[in-house]
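Analysis of the macromolecular model
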Amino acid sequence: MDAKKLEILMTAIDLGSFSKASEVVGYTQSGLTHLVNSLEREIGFPLIKRSHNGIALTEQGNMLMPVIREFLQANTNLENKIQAINERQTETIRVAAYASIAMHWMPEILYRFRRRCPNVDVDLRMVDNALEPFELLQEGKTDVIFASRQKCSHCDWIPLYNELMYAILPKNYPINGRTAFPLEELEGKDFLMPYGRFDIDVHAALAQVGVRVREKTSYVDDETVIRMVGKGLGVSMMTELMIRGRTDDVICVPVVPKTIRELGMGLPKSEKMSESVMKLRECVIKFISELREKTLATAYVRG
């Protein structure tokens, strides 16, 4: 049985559609459909039922799902053990983090951790999909994640930092000295929507005030979206880490109602933390504590 096919099947089921899964696994939608059809022929009965609402498991698929998860976890454990024996490596902590966190937080955190644990390697993996860290954690492919809070039953979550959401506007936008931007003002505007499921927080913020925008999905990185806004191609919303250091050509204003994204550290649920992971957590919490103090001090000076 091809473990890769089963991993892709799990991704499609968890996301609820082939189109969403194709963005994550790097297949075309037709290629993904062909792969699942091939898997069903190999097994001998259908696993997926399709409707206009997306995809769901058949009765037989539901019966197989717990065993498939066990198989994938066992396969991952085997691959990790083989790799460790072959490389005879020292302890390695595998970390998956959003690009913004990897850029602005991880260098300092890893510097501090290296000083405390010089013999422990850290394998940092940068991801560009909001849900991918949680998927990697569930599949046993990472030990620690840094992401924004999502609905996840297999993750022990440590809240770290609440970052504000900002409206990203062209330089010539009539902001008129305002220090906050009402979400209602986005109604009907061309909106460059972040991809990789980073639209989750944006959609939640807009839904709470009933605002509808002319959504334009942009399959580019944050910096490119900001530059597109600077050229008058639309507006957008991002968090403070996503926009840091990239604001020369745009106006960035916190939105109202106040909207935050909770960033945190995730660990495998119910697993005993290794001593090195505990020390990494201590470095992270110390770093965040100092970051909060610095942020409060800056706010006090501005006030």
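Reading guide: rules and limits
- Residues numbered from 1 in each chain as written.
- Predicted model: local features only at pLDDT ≥ 70, side-chain atom pairs only at ≥ 80, totals over all residues.
- Heavy atoms only, no water.
- Helix = DSSP H or I, 4+ residues; strand = E, 2+ residues; numbered from the N terminus.
- Buried < 20%, exposed > 50% of the residue type's maximum accessible area, 1.4 Å probe, protein only.
- Areas by Shrake-Rupley, 256 points an atom, 1.4 Å probe, with all protein chains shown as cover.
- Lys, Arg positive; Asp, Glu negative; His and termini not counted.
- Charge placed at Lys NZ, Arg CZ, Asp CG, Glu CD.
- Contact = heavy atoms within 4.5 Å.
- Arc of directions from axis to C-beta.
- Core = buried A, V, L, I, M, F, W, Y, C linked by side-chain atoms within 4.5 Å.
- pLDDT = per-residue confidence, 0-100.
- Salt bridge = Lys/Arg side-chain N within 4 Å of Asp/Glu carboxyl O.
- Pairing = 2+ DSSP bridges.
- Right-handed = clockwise from strand over helix to strand, strands pointing away.
- Axes fitted to C-alpha atoms, helices over the stretch in contact; angles between N-to-C directions.
- Parallel < 35°, antiparallel > 145°, perpendicular 65-115°, else oblique.
- Nonpolar A, V, L, I, M, F, W, Y, C, P; charged D, E, K, R; others polar.

Remarks on the overall build of the protein
When helices and strands are counted, the protein shows 11 helices and 12 strands. For the protein, the spread of C-alpha atoms along the three principal axes comes to 65 × 55 × 30 Å. Residue burial in the protein is summarised as follows: out of 303 residues, 42% are buried. Summing over all exposed atoms, the protein offers an accessible surface of approximately 16,400 Å²; the carbon and sulfur share of this is 51%. The protein carries 39 positive and 40 negative side-chain charges, and their two centres are separated by 3 Å.

Let's talk about the side chain of Lys5
Its location among the elements puts Lys5 in helix H1 (residues 3-15). Setting aside anything within four residues of it in sequence, one finds Lys5 in contact with Leu35, Ser38, Leu39 and Glu42.

Some thoughts on helix H9 (residues 222-230)
Of all the residues in H9, the buried ones are Val225, Ile226 and Val229. Buried residues of H9 fall within an arc of 100 degrees about the axis and therefore sit on the same side. Contacts from the buried residues of H9 go to strand S6 (155-170), strand S8 (190-193), strand S10 (236-239), helix H10 (240-243) and strand S11 (250-256). Following H9 by one or two positions, Gly232 adopts a phi angle in the positive range, close to 80 degrees.

What to know about the nonpolar core
Residues Ile101, Trp105, Val144, Phe146 and Leu160 are the most contacted members of the largest nonpolar core, which totals 39 residues. Breaking this core down by element, the ones donating at least two residues are strand S3 (92-98), helix H5 (99-104), helix H6 (106-116), helix H7 (132-138), strand S5 (144-148), S6, strand S12 (260-268) and helix H11 (275-302). No other element matches the 7 residues that H11 contributes to this core. Those residues in contact with Leu160, other than ones at most four positions away along the chain, are Trp105, Phe146, Leu263, Gly264, Met265, Val284, Ile288 and Arg292.

Structural notes on the confidence of the model for the protein
With 96% of its residues at a pLDDT of 70 or more, the protein shows a mean pLDDT of 89. Mean pLDDT across the elements of the protein bottoms out in H11 (81) and peaks in strand S7 (residues 181-182) (97). Within the model, pLDDT remains below 50 along residues 299-303, and this stretch shows 0 contacts once partners closer than five positions in the same chain are excluded.

Observations regarding the environment of Gln73
Inspection of the secondary structure assignment puts Gln73 in helix H4 (residues 59-87). Taking relative accessible area as the criterion, Gln73 reaches 29% and is therefore assigned partly exposed. Separated by 65 residues in the primary sequence, Gln73 and Gln138 have C-alpha atoms spaced 8.5 Å apart. Sequence-distant contacts of Gln73, defined by excluding residues within four places in its chain, comprise Gln138, Glu139 and Gly140.

Comments concerning helix H8 (residues 199-208)
Every buried residue belonging to H8 is among Asp199, Val202, Ala205 and Leu206, and all of these are buried. The buried side chains of H8 occupy one side of the element, clustering within an arc of 125 degrees when seen end-on. Lining the buried residues of H8 we find S6, S8 and S10. Downstream of H8 by a residue or two, Gly210 has a phi angle that is positive, lying close to 70 degrees.

Considerations on the pattern of salt bridges
Counting across every chain of the model gives 19 salt bridges. Glu262 is the partner of Arg149 in a salt bridge, and the nearest nitrogen-oxygen pair spans 2.6 Å. Of this pair, Arg149 sits in the loop between S5 and S6 while Glu262 sits in strand S12; the two residues are 113 residues apart in sequence, bridging distant segments of the chain. On the basis of relative accessible area, Glu262 is assigned to the partly exposed category, the value being 22%. Between Lys286 and Glu290 there is a salt bridge, with the nearest N and O atoms lying 3.8 Å from each other. One end of the pair, Lys286, and the other, Glu290, are both in helix H11, 4 residues apart, so they sit about a helical turn from each other. In this structure Glu290 comes out as partly exposed when scored by relative accessible area, which is 29%. Because the salt bridges share partners, they merge into one network encompassing Glu108, Arg112, Lys286 and Glu290.

Brief notes about the pairing of S8
Summarising the sheet, S8 and strand S9 (residues 214-217) pair through 4 bridges and their orientation is parallel. Within the sheet, the bridge partner assigned to Met193 lies in S9 and is Thr217. Traced from S8 through H8 to S9, the parallel crossover comes out right-handed.

Focus: the packing of helix H2 (residues 18-25) against helix H3 (residues 29-43)
Where H2 meets H3, the closest approach of the two axes is 9 Å, and the angle between their N-to-C directions is 100 degrees. For the element pair H2 / H3, the angle class is roughly perpendicular. Listed contacts from H3 to Phe18, Ser19, Ala21, Ser22 and Val25 of H2 are Gln29, Leu32, Thr33 and Val36. Tallied by class, residues from the contact of H2 with H3 come to 5 nonpolar, 4 polar and no charged.

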